[in-house]
Amino acid sequence: MVTIKSEREIEKMRKAGKAAAECLTEMMKLVKAGVTPLEIDRACHEWTVSRGYIPAPLNYHGFPKSICISVNDVVCHGIPDKRAFKEGDIVNLDVTPIVEGFHGDTNATVCVGKVKPEVRKLVDATLVCLWEGIRQVKPGATLGDIGYAIQKYAEGAGYSVVLEYCGHGIGRGFHEDPSVSHVGRPGQGMKLREGMTFTIEPMINLGKRHVYVEDDDWTVRTKDGSVSAQFEHTVLVTPDGVEVLTLRKGETPVFPA
Ligand code: MF3
Ligand code: CO
Ligand code: CO
């Protein structure tokens, strides 16, 4: 069931989104060669609980940590471990604080030092994909419009879009209806309505789209071992368009080159 948020609920979603944006900003600063995902998990846990918020990932369906950290060919849901980042890695940090009962969900992919040009291009294109999706959002547009915009840009650039994991409604629940696919056809699927809140979080692979889940039941990797990038925002459908609830200080929309 898709919920339409009331003005009071929207205020709380704004607070949660702002917290998520601030948390992500701080965690992104920590990504450097030699730093371990476990250290960033500690920092994320501390950042979150010290403000009276709850890290939603922790114990979510048994997830053991407070942040997802997905490196290189890990598509999503990476479990922080003690393998240090190294120059050339791409690192996705995905944070979700709960503030006054509401979730803010956002992620970004960070490059560690110099990365191969083809990898840098994938990361940049994935961010464009997120914004191509976001700019479709307004009352009366459809979920298919979002998926189509993302798919068109990604495939047009020679990349592939992961199908198995999607954006999602968000609010009191971490993952609410609807499911927001990152592929689609214009005009198809659910119509967007003012007061809906959901995430858009395309996972784009340099190689083929196929993925598998590791034996730990969480870590999702590309089957062909190619690198995968992702960016995520939580958005609100406004009377005339979209409000990006997890926009970071100084962050501006990114449009195709
Ligand atoms: N934050 C992820 C998302 O964007 C979900 C992570 S679920 C977890 O939907 F359990 F792995 F934390
Ligand atoms: Co999400
Ligand atoms: Co997320």
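Just above, that's the structure.
Just so we're clear, the structure is a prediction, and the values are computed from it rather than from any experiment. (Residues numbered from 1 in each chain as written. Chains lettered and ligands numbered in written order. Predicted model: local features only at pLDDT ≥ 70, side-chain atom pairs only at ≥ 80, totals over all residues. Heavy atoms only, no water.)

Draft legend 1. Just the coordination of the cobalt ion (ligand 3), in detail. In this structure, D94 (OD), D94 (OD), D105 (OD) and E232 (OE) serve as the protein donors to the cobalt ion (ligand 3), at separations of 2.1 to 2.4 Å. Geometry at the cobalt ion (ligand 3) is irregular, judged from the six donor atoms that bind it and their angles of 58 to 169° at the metal. All donors of the cobalt ion (ligand 3) come from a single chain, and their spacing in sequence reads D-x10-D-x126-E. A spacing of 3.3 Å is found between the cobalt ion (ligand 3) and the cobalt ion (ligand 2), which share D105 as a donor. On the criterion of sequence distance, the pair formed by D105 in the loop between strand 6 (102-103) and strand 7 (106-111) and E232 in the loop between strand 15 (228-230) and strand 16 (233-238) is long-range, its members being 127 residues apart. Here D105 matches E232 in class, with each residue buried. (Donors = N, O, S within 2.8 Å, 3.2 Å for Na, K, Ca; no water. Tetrahedral: all angles 85-135°; square planar, octahedral: opposite > 155°, others 65-115°. Helix = DSSP H or I, 4+ residues; strand = E, 2+ residues; numbered from the N terminus. Buried < 20%, exposed > 50% of the residue type's maximum accessible area, 1.4 Å probe, protein only.)

Draft legend 2. Focus on the environment of E26. Locating E26 in the fold gives a position in helix 1 (residues 7-29). For the pair E26 and H77, spaced 51 residues apart in the sequence, the C-alpha separation amounts to 20 Å. A distance of 3.0 Å separates the side chain of E26 from the side chain of K29, its partner in a polar contact. (Polar contact = N/O pair within 3.5 Å; in protein donor to acceptor, adjacent residues only side chain to side chain.)

Draft legend 3. Expanded view of the coordination of the cobalt ion (ligand 2). Looking at the cobalt ion (ligand 2), one finds its protein donor set to be D105 (OD), H168 (NE2), E201 (OE) and E232 (OE), positioned 2.0 to 2.2 Å from the metal centre. Geometry at the cobalt ion (ligand 2) is irregular, judged from its six donor atoms and the angles of 52 to 161° they form at the metal. For the cobalt ion (ligand 2), the donor residues sit on a single chain with the sequence spacing D-x62-H-x32-E-x30-E.

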